[in-house]
Amino acid sequence: MIAPMQFVVVAASASSSDDLVVSLQELGVLHVEPFKNPDSRSLEKAKENLQLVEQALKIIDESSSSKDEAKGGPHLEPPPESSLKIARQTINLVQARNELVAKLQTLKTRITLLTPLGDFDPGDIDFLAQNKLLCRIYPLPEKLFKKTSFPGFCSVVGRDNGILYVLAEVDEGFSLPVAPLDLPEKGLNALVEEKALVEEKIRLANEKIAGLKKYSGKLEKLRARLADDLAFEKVFAGMARHEPVAAVAGYCPQDQVDKIFEAGTRHSWAVQAGPPKDPAKVPTKLENPRPVKIINPVLKFMGTVPGYDERDISFWFLVALTLFFAMLVGDGGYGLLFLIGTAIARLVKRDAPARPFILFTVFSLATIFWGLASGTWFGVESVSRWPVFNAFIVPSLYSFADNQTFLISLTFTIGAIHLSLAHILRGAALFPDARFLGELGWLALVWFLYFLAGYFVLHRPMPFWTYYLFGAGLFLGAVFADPKKPFVVSSLVGLADMPLSLVRSFSDVISYVRLFAVGYATLVMAMSFNEMAAGLVDGSLWAYFAATLVLVVGHSLNILMASLGVLVHGIRLNMLEFSSHLQLSWSGKEYSPFGITKKGEKP
C-alpha cells in the first residue's frame, strides 16, 4: 500500500535556523520541499567536495591490482592528515599521469616518424636554413620520386615500405603533392631516452595511485559525511526566512508526524500538519508486508514509482512476474541452475541485501515447478519420462505434445484475467463514483476481445452471448467514461474514443501470446543444441569434448536469451499492458527523507 502523507511546516526563530535543520536531519522523517531554489556558496562547496571524493574513489576502484598496490606503498608521501587531502592527492596524481600518457603518445609518434631516417640532429636542418640553404625531407613513393625535379640537390636518406625519404634543397615557392616532414626538435636517440624516462614516471605514478587504495575506507566514510553535509546545505539554502522566523516544509508519513510534534515541544518550534493539497507533488512511500517487499529491487531497477494518488500493485506485480518468469524461461533444468547460482551468490555476498536473492529463489522455484508440469528439463524429452518427473506432468502443458493451440489459448486467458484484474482494482478504487460502471463495461469488453482473439488467431467460434458482452460493455464504457459531463456529451465523446481504445485493448490481449512464443523458442533452441551435440559424438575423446562445449555454450546462450526475454516481455506486460488498463502512470517520486545516512568522517 501507499503510506498516507501529511504536509508539515516547521518554524523556529531565524537565529536558531541551524539547530532547526540539524534536528530535522537527526529525526530523518521529513521529505523536504524547498521554499526557494537552493543556491549558496556553501552548497556549491559541498557539491565540489563530494564530487572530488567520488571521483577519487572511482579512480582508486579502477586502479591497479593488489600487487601494484603493494609496490605503491614505499613511493607514497606521508599520509595526509585530512581525507579530503587524500582525495585531492589522488586527483593530482591522475592528472599528472594523464599528462605523461599524452606526452608518451606524442613521443611515440615522433619516434615512428624518425625511425626510417636513423639518428640525426634535426637542428642541422635549421642551421642550413639560417645559412640560406633551405632543405626539407619529403616522404615520397618511388614512382613520384622518379618524376620529381628538385631545384637543388636531393638525397635518399631512408626507406620504409616503398616510401623514400628524400632530403632535398628547395626554394620558398616549391611544392609537392606530399607535405614535408614536420621534424621534432630532438633526434631519434634522444627521443627514445625521453620515452623511457616518461614510461618510468607513468609506472611510478600508477604505483602511487594503487597505493592510495589503503585509504579507500577513509574516503568512503568521508563520502557519507559529505553526502549528509550536502543534504544539510540544500535544506538550509532552500528554507524560508522572514525575520525573525525561519521555516522548513515537507511531507512526512502520517504515522511519523508525532515525532516532529514531540521534537517541536522540546525545541520550542511551531509545527503545523495537514493533508497535502496537490497529490502530484507528494512523494510515494510503499509499505508492504515483508514477503511482498522482495519485488522492490525490480521496481528500483526500473526506476519507477506509482504516484501518490495511484494504486500500489507490488503484490500483483510479484505474482504476475513470477508466473511470467516461469513461462518465459520454461525449463525446469534452467530453473535448477538459477537456484544453485542464487545460493552460491548468496554465500559469496553475505553482506548484500537479502531481497534480490529471495526474489530469484522464488523465480527459480516457480521455473522448476513449471518444468515439472511441462516435462521440460534442458530440452531433453527422455528426462521427462523418468518416473520421478513423469508423475508431475500435466498433459495439457507437456512441451513435447502437439498442444500449441491450447498453450496459445492459455496465454490469452492469462492476459484476459490479468487485464480484468486491472479494471476490477480500478473500479473498486472508484466506487461509489459512477465511473466504476465504466470499468465494469471495460471488464465485459476485455472478455469479448478475448473471444475475438480466439476467433481470429485460433479459429474458434464465438459464443452468441459474447455480443451481449460487447453491447453492454460498449454502453457502460462510453456513457460512464466521464459521467460528470452531460449524458449526450459524455456518450458521444466516449463513443468517439472507443474505436482506438478497442484496438489497443485487442492488441493488449494478443500481446500475452509472447509468454508462449518466448518459452517455445527457448525449448526449440535447447533441443537444437542437444541435437548438434549428439551429432558430434562418434566415440572419440575429441568428439565428446566438442559435444560438451556445444552443450555448455549453447545452453548458456539460451539461458541468457531467456533472461533477456523476462526483462523485455515479463516486465513489459506488467508495466505497460496491465498498468495502462489500471491507468497507472508510474509518475510518482520516491519518498526520500532528509536524514543522516551513517556516521562519516570529518573532511
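Residues numbered from 1 in each chain as written. Predicted model: local features only at pLDDT ≥ 70, side-chain atom pairs only at ≥ 80, totals over all residues. Heavy atoms only, no water.

Comments concerning the overall build of the chain
Along the chain, the regular secondary structure elements total 21 helices and eight strands. Against the compact-globule benchmark of 25 Å for 603 residues, the chain has a radius of gyration of 36 Å, which places it well outside the compact range. Principal axes of the C-alpha set define a box for the chain whose edges measure 105 × 90 × 55 Å. When contacts within the chain are restricted to residue pairs at least 6 apart in sequence, those whose partners lie at least 24 apart make up 79%. Accessible surface, the chain: about 32,500 Å² in total, of which carbon and sulfur atoms supply 61%. For the chain, the centre of its 58 positive side-chain charges and the centre of its 58 negative side-chain charges are spaced 3 Å apart. (Helix = DSSP H or I, 4+ residues; strand = E, 2+ residues; numbered from the N terminus. Rg over C-alpha atoms; globule rule 2.2 N^0.38 Å. Contact = heavy atoms within 4.5 Å. Areas by Shrake-Rupley, 256 points an atom, 1.4 Å probe, with all protein chains shown as cover. Lys, Arg positive; Asp, Glu negative; His and termini not counted. Charge placed at Lys NZ, Arg CZ, Asp CG, Glu CD.)

Some thoughts on the pattern of salt bridges
What the rule picks out here adds up to 16 salt bridges. Arg223 is the partner of Glu220 in a salt bridge, and the nearest nitrogen-oxygen pair spans 2.7 Å. Pair noted here: Glu220 and Arg223 are both in helix α8 (residues 216-238), with a separation of three residues, about one helical turn. Since its relative accessible area comes to 30%, Glu220 is described here as partly exposed. (Salt bridge = Lys/Arg side-chain N within 4 Å of Asp/Glu carboxyl O. Buried < 20%, exposed > 50% of the residue type's maximum accessible area, 1.4 Å probe, protein only.)

Observations regarding the sheet that holds strand β4 (residues 154-160)
Pairing in this open sheet of three strands is antiparallel, and the strands run β3-β5-β4 from one edge to the other. Sheet topology places β3 (135-141) and β4 at the edges, where each strand pairs with a single neighbour. When strand polarity is set aside, the average angle formed by the axes of neighbouring strands in this sheet is 25 degrees. The sheet contact formed by β3 and strand β5 (residues 163-169) spans seven bridges and is antiparallel. In the sheet register, Pro139 faces β5, and the bridge partner there is Tyr165. (Pairing = 2+ DSSP bridges. Axes fitted to C-alpha atoms, helices over the stretch in contact; angles between N-to-C directions.)

Here we look at a negative patch on the surface
A surface patch of negative charge is lined by Asp119, Asp121, Asp124, Asp126 and Glu185. Take Glu185: it is sitting in the loop between β5 and α7 (188-211). (Patch = residues over 30% accessible without salt bridge, like charges linked within 9 Å, V, L, I, M, F, W, Y side chains within 5 Å.)

Observations regarding the pairing of β5
Among the seven residues that make up β5, five are buried, leaving the element largely enclosed by the rest of the structure. Across six bridges, β4 lies against β5 in antiparallel orientation. Bridge pairing links Cys154 to Ala168 in β5. As consecutive antiparallel partners, β4 and β5 are separated by two residues, and within that stretch Asn161 has a phi angle of approximately 50 degrees, a positive value.

Observations concerning the environment of Val156
Here Val156 lies in strand β4. We classify Val156 as partly exposed; its relative accessible area is 33%. Distance from Val156 to Ala168, taken between C-alpha atoms, is 8.6 Å for residues 12 residues apart in sequence. For Val156, the contacting residues outside a window of four places in its chain are Phe145, Leu164, Tyr165 and Val166.

Points about the environment of Gly238
Of note, Gly238 is situated in helix α8. For Gly238, a relative accessible area of 1% puts it in the buried group. Once you skip the residues sitting within four places of it in the chain, Gly238 turns out to touch Pro34, Phe35, Lys36 and Pro38.

Side note on a nonpolar patch on the surface
On the surface, a nonpolar cluster with roughly 740 Å² of combined accessible area is contributed by Phe301, Met302, Leu557, Leu560, Met561, Leu564, Leu567 and Val568. Sorting the residues of the nonpolar patch by element identifies α10 (296-302) and α21 (541-582) as the ones contributing at least two each. It is α21 that contributes the most residues to the nonpolar patch, six residues altogether. Within the secondary structure layout, Leu560 lies in helix α21.

Topic: the nonpolar core
Of all hydrophobic cores here, the largest spans 61 residues; its most connected members are Ile295, Phe317, Phe324, Leu515 and Phe578. Ranked by residue count, the leading element in this core is helix α11 (residues 314-329), at 10 residues. Beyond its immediate stretch of four places on either side in the chain, Phe578 contacts Ile313, His418, Leu419, Leu421, Ala422, Leu425, Tyr512 and Leu573. Counting residues in each nonpolar core, the second largest holds 27 residues, with Val10, Val29, Trp269 and Tyr591 among its members. (Core = buried A, V, L, I, M, F, W, Y, C linked by side-chain atoms within 4.5 Å.)

Brief notes about the side chain of His31
Considering the arrangement of structural elements, one finds His31 in strand β2 (residues 31-32). Within the structure, His31 has its side chain in polar contact with the backbone nitrogen of Ser592 (distance 2.9 Å). Excluding its chain neighbours within four sequence positions, the residues that come into contact with His31 are Ala249, Gly250, Tyr251, Pro283, Lys589, Glu590, Tyr591, Ser592 and Pro593. (Polar contact = N/O pair within 3.5 Å; in protein donor to acceptor, adjacent residues only side chain to side chain.)

Describing the packing of α11 against α21
It is at 9 Å that the axes of α11 and α21 come closest, and there the two elements cross at 145 degrees. Here α11 runs over α21; the crossing is right-handed. Residues Trp316, Phe317, Ala320, Leu321, Phe324, Phe325, Leu328 and Val329 of α11 form the contact with α21, whose participating residues are Ala562, Gly565, Val566, His569, Gly570, Ile571, Leu573, Asn574 and Met575. Classifying every residue of the contact of α11 with α21 by side-chain character gives 13 nonpolar, four polar and no charged. (Left-handed = near helix turned anticlockwise from the far one by under 90°. Nonpolar A, V, L, I, M, F, W, Y, C, P; charged D, E, K, R; others polar.)

A few points about the environment of Cys154
Tracing the backbone shows Cys154 in strand β4. The class of Cys154 is partly exposed, set by a relative accessible area of 37%. Measuring from C-alpha to C-alpha, the distance between Cys154 and Ala249 comes to 84 Å, with 95 residues separating the pair along the chain. In contact with Cys154, not counting residues within four places along its chain, are Phe145, Val166, Leu167 and Ala168.

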